[in-house]
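Results of the structural survey
Residue-level listing of the chains:
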Amino acid sequence: MLSINAKTSLLGLIGNPVGHSISPLIHNTLSDRLGHNNAYLAFKVEQDDLCDAIKGAYALGVKGLNVTVPHKQAVIEHLVDIDPLAKAIGAVNTLVRVDGGFKGYNTDYLGLRRQMENDGVLIEGQEIIILGAGGASRAITFMCAEARAKKIYLLNRSVEKAVSLARDVNDYINCEQPVVIPMALTDYAKLSGRKYTVIQTTSKGLFPDVDGAPVEDEAFYELVSDAVDIIFNPYETKFMKLAAKHGARTYNGLGMLLYQGVAAYELWNDTSVDQKLCEEVYELMKREMGH
Ligand code: ATR
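Just so it is clear, the structure is predicted and the values come from calculations on it, not from any experiment. (Residues numbered from 1 in each chain as written. Predicted model: local features only at pLDDT ≥ 70, side-chain atom pairs only at ≥ 80, totals over all residues. Heavy atoms only, no water.)

**What about the packing of helix α1 (residues 23-34) against helix α9 (residues 254-269)?**
The cut-off we apply is this: Helix axes use the C-alpha atoms of the stretch in contact, all axes being lines fitted to C-alpha atoms, and the angles between their N-to-C directions lie in the range 0 to 180 degrees. Strands are runs of DSSP state E lasting at least 2 residues, helices are runs of H or I lasting at least 4, and numbering of each runs from the N terminus. Angular relationships are summarised with four words: roughly parallel below 35 degrees, roughly antiparallel beyond 145, roughly perpendicular across 65 to 115, and oblique for the angles in between. If you view the pair so one helix is near and one far, a crossing is left-handed when the near helix is turned anticlockwise from the far one by less than a right angle, and right-handed when it is turned clockwise. Residue contacts follow a heavy-atom distance rule, with two residues in contact if any of their heavy atoms lie within 4.5 Å. Gly counts as polar in this scheme, as do all residues outside two lists: the nonpolar Ala, Val, Leu, Ile, Met, Phe, Trp, Tyr, Cys and Pro, and the charged Asp, Glu, Lys and Arg.
α9 packs onto α1 with a crossing angle of 50° between their chain directions and a minimal axis gap of 10 Å. On the basis of their axis angle, the class for α1 and α9 is oblique. The chirality of how α1 crosses α9 is right-handed. Between α1 and α9, the contacting residues are S23, I26, H27, L30, S31 and L34 on the first element and L257, L258, Q260, G261, V262, A264, Y265 and W268 on the second. Counted by class, the contact of α1 with α9 contains nine nonpolar, five polar and no charged residues.

**Some words on the side chain of K72**
Basically, it comes down to this: Throughout this description, a polar contact denotes any pair of N or O atoms lying within 3.5 Å of each other; where both atoms belong to protein, one of them has to be capable of donating a hydrogen while the other can accept it, and for residues adjacent in sequence the pair is counted only when both atoms sit in side chains.
The residue K72 is located in the loop between β3 (64-67) and β4 (81-82) in this model. There is a polar contact of 2.9 Å between the side chain of K72 and the side chain of D108. Not counting residues within four places of it along the chain, the set of residues in contact with K72 comprises V67, G90, A91, V92, N93 and D108.

**A word on the pairing of strand β11 (residues 224-229)**
Put simply, the rule reads: Only protein chains enter the accessibility calculation, which uses a 1.4 Å probe; a residue whose area is less than 20% of its type maximum is buried, one above 50% is exposed, and one in between is partly exposed. Pairing between two strands is assigned when DSSP locates at least 2 bridges connecting them. Here a crossover is taken to be right-handed if, once the strands point away from the viewer, the path from the first strand over the helix to the second is traced clockwise.
Burial runs high along β11: six of the six residues are buried. By the bridge criterion, five bridges tie strand β10 (residues 196-200) to β11 in an arrangement that is parallel. Each bridged residue has a counterpart across the sheet, and for V198 the counterpart in β11 is A227. For the crossover that starts at β11, traverses helix α8 (residues 238-245) and ends in the parallel strand β12 (residues 249-251), the hand is right-handed.

Laid out in structure tokens, this is it:
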């Protein structure tokens with residue numbers, strides 16, 4: 001059990017809403033098991049109060065913060081330093097206390113990378129399909145390009161958003177040939193005759209819209225070898241069900257959520273969290289979500 005005293009370091013989450021966040025469970029369990037004297041709390045912060053919240057947190061000696069919707073972009077102007085990849089992505093979900101303020105990182109992409117590594121889903125040298133070109137997709141498309149995917153087919157309902165994200169990532173990695181190919185969501189018929197890992201980053205299928213998938217056409221699922229959804233509620237999305245029906249291996253987003261937290265915890269506490277403890281926290285998260 002956590003015992004709070006005068007030497008306890010404060011960690012926390014800022015966002016709006018934060019009332020259902022599972023991050024306190026992740027971080028307080030890690031602190032408890034590793035014997036670190038931390039306490040992690042969730043703070044609901046309105047958009048207009050963001051600057052005061054960051055300044056106040058620094059003044060109070062807060063060691064680190066997670067940042068969630070809607071502050072992941074807006075927080076950047078309140079930082080004293082930023083990790084180069086987080087800067088390129090344009091979104092920060094982790095603040096680490098440094099001299100004079102906080103340094104921003106993006107551990108969302110680290111989370112998915114670690115989950116995929118653990119599950120044996122390869123990125124390097126592979127051709128990968130990403131569905132969606134919103135905020136979540138941005139971090140993931142940068143991650144797959146950084147992890148040396150051979151080609152990334154970026155499929156989005158509004159193709160202009162895919163074009164813009166593809167341009168940003170191709171410029172950042174600066175290869176001779178573009179790695180990210182933007183396409184309309186309906187253009188998968190152009191990807192022929194082989195199997196792909198598909199990462200589903202859209203909000204379609206998220207609770208309570210549990211009967212929806214960004215692509216309903218079953219022919220699409222014939223292309224899928226590994227279906228990675230970043231949604232974890234529901235535990236099995238319609239996208240995963242359709243992919244499984246066509247023989248794909250499927251993964252939900254709970255691992256990504258765990259490992260983005262673990263990566264943040266490692267940054268704040270200058271430690272590394274072993275796989276056995278990660279698995280224990282994963283089981284607690286599952287139970288908390290009723291599985
Ligand atoms: P997030 O930060 O969760 O990524 P976002 O930035 O609003 O949220 O992006 C949502 C993504 O889900 C976008 O790619 C969006 O497609 P559009 O850019 O065309 O809006 C996608 N999306 C949302 N609803 C969808 C639907 N019904 N069908 C297909 N894609 C959908």
